[in-house]
Amino acid sequence: MESNVFTAVFLPLALAFIMLGMGLTLSLKDFKNIFVSPKAIGLGLFCQLIMLPILGFLLILGFGLSGSMAVGVMIIASCPGGPTSNMITHLCKGDTALSISLTALSSVITIVTIPLFINYSITYFGEEGSVALPVLETIVQITGVTLIPVAIGMFLKHQWPTLSLKADKTVRIASIVFFVVIVGGALFKEKDNIVGFFAEAGPVTLILNVLTFGFAFLLAKLFALPYKQQVSISIESGIQNGTLGIMIAATLLQNSAMVIPVVIYSLIMFIASILVVVFLGNKEKPALVGN
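Residues numbered from 1 in each chain as written. Predicted model: local features only at pLDDT ≥ 70, side-chain atom pairs only at ≥ 80, totals over all residues. Heavy atoms only, no water.

With that settled, the discussion passes to the overall build of the protein. Helix and strand counts for the protein come out as 13 helices and zero strands. When the helices and strands of the protein are listed from N to C terminus, the series reads α-α-α-α-α-α-α-α-α-α-α-α-α. Here the C-alpha radius of gyration of the protein, 18 Å, is about what a compact globule of 291 residues would show, namely 19 Å. Going through the 291 residues of the protein one by one, you find that 54% of them count as buried. Relative to all contacts within the protein whose residues are 6 or more apart in sequence, the contacts with residues 24 or more apart total 85%. Counting only carbon and sulfur atoms, one obtains 73% of the accessible surface of the protein, whose full area is about 12,800 Å². Counting 14 positive and 12 negative side-chain charges, the protein places the averaged centre of each group 19 Å from the other. (Helix = DSSP H or I, 4+ residues; strand = E, 2+ residues; numbered from the N terminus. Rg over C-alpha atoms; globule rule 2.2 N^0.38 Å. Buried < 20%, exposed > 50% of the residue type's maximum accessible area, 1.4 Å probe, protein only. Contact = heavy atoms within 4.5 Å. Areas by Shrake-Rupley, 256 points an atom, 1.4 Å probe, with all protein chains shown as cover. Lys, Arg positive; Asp, Glu negative; His and termini not counted. Charge placed at Lys NZ, Arg CZ, Asp CG, Glu CD.)

Quick look at the structure:
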């Protein structure tokens, strides 16, 4: 994919705006869960940062994907949790504070893990020589469009809490619009190949999303975490930062084919989220044993 105004300017700015919006919902006290619920935090990060990439890698091998499609799956599997996971967790009556903490922490950690995982995937799946992510440069770029806007958002919330609260709804709506434009642009770019790409990467991304939601929930249950934390960890593991994944593929790697698995996963995870909200959001609280 050749660099253009969309990939070089609009996409990074849109991601920065979305992350700024996430920062408007955060404060330093949201990180207290590291000490208050270390088991839940540790398990949530394990599911996001280790289990998800491993599941993605195994599914790629099982379905025989290679090249750009395989790397694209690993890109979304390497991304941190998405900002919308916090809203979905709230609607599902999960532990929203835990969800916010996991989103924030995974966004920090994946700045380092993303280039390592993706460069390994590029080499393993036969794309070495065509694309690469320079580790230090990538860390700086991802920091610039994720952590810095989040920090600015947190600062604005601290300095002007009332104004930040009023701006939150507008920022959320704008973020959704940006995401729709980004996904639409990516699909339009590959409109001639989209059917074949969906047939190739669709089953892998669908199964990956379902397994991630399910395994994370079961692991949280196995570790005897409260029900609300089980819900949070499951949602946080299944909802990835698709906009970041698209930016990595389209802007940093400049490969439109690698964007497609990221887009497909993003579409699937939002459909799955709606189903999860309908199912869990309507459950009666007394039935939620272990809360």
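Continuing now.
Relative to each other, helix 1 (residues 5-23) and helix 12 (residues 242-252) sit at 160 degrees, their axes nearing to 10 Å. When the interaxial angle is binned, helix 1 and helix 12 end up roughly antiparallel. The two elements helix 1 and helix 12 cross, and the hand of that crossing is left-handed. Contacts from Thr7, Ala8, Leu11, Pro12, Leu15 and Ile18 in helix 1 reach Thr243, Leu244, Ile246, Met247, Ala250 and Thr251 in helix 12. (Axes fitted to C-alpha atoms, helices over the stretch in contact; angles between N-to-C directions. Parallel < 35°, antiparallel > 145°, perpendicular 65-115°, else oblique. Left-handed = near helix turned anticlockwise from the far one by under 90°.)

With that out of the way, let us pick up a nonpolar patch on the surface. Taken together, the side chains of Phe46, Ile50, Ile54, Leu58, Leu61, Tyr120 and Tyr124 define a hydrophobic patch exposed on the protein surface, amounting to about 690 Å² of accessible area. Listing elements by their share of the nonpolar patch, those giving two or more residues are helix 3 (38-63) and helix 6 (96-124). The dominant element in the nonpolar patch, judged by the number of residues it contributes, is helix 3, at five residues. On the secondary structure map, phenylalanine 46 appears in helix 3. Among the residues examined, phenylalanine 46 registers a relative accessible area of 36% and is labelled partly exposed. (Patch = residues over 30% accessible without salt bridge, like charges linked within 9 Å, V, L, I, M, F, W, Y side chains within 5 Å. Salt bridge = Lys/Arg side-chain N within 4 Å of Asp/Glu carboxyl O.)

By themselves these figures say nothing about function.
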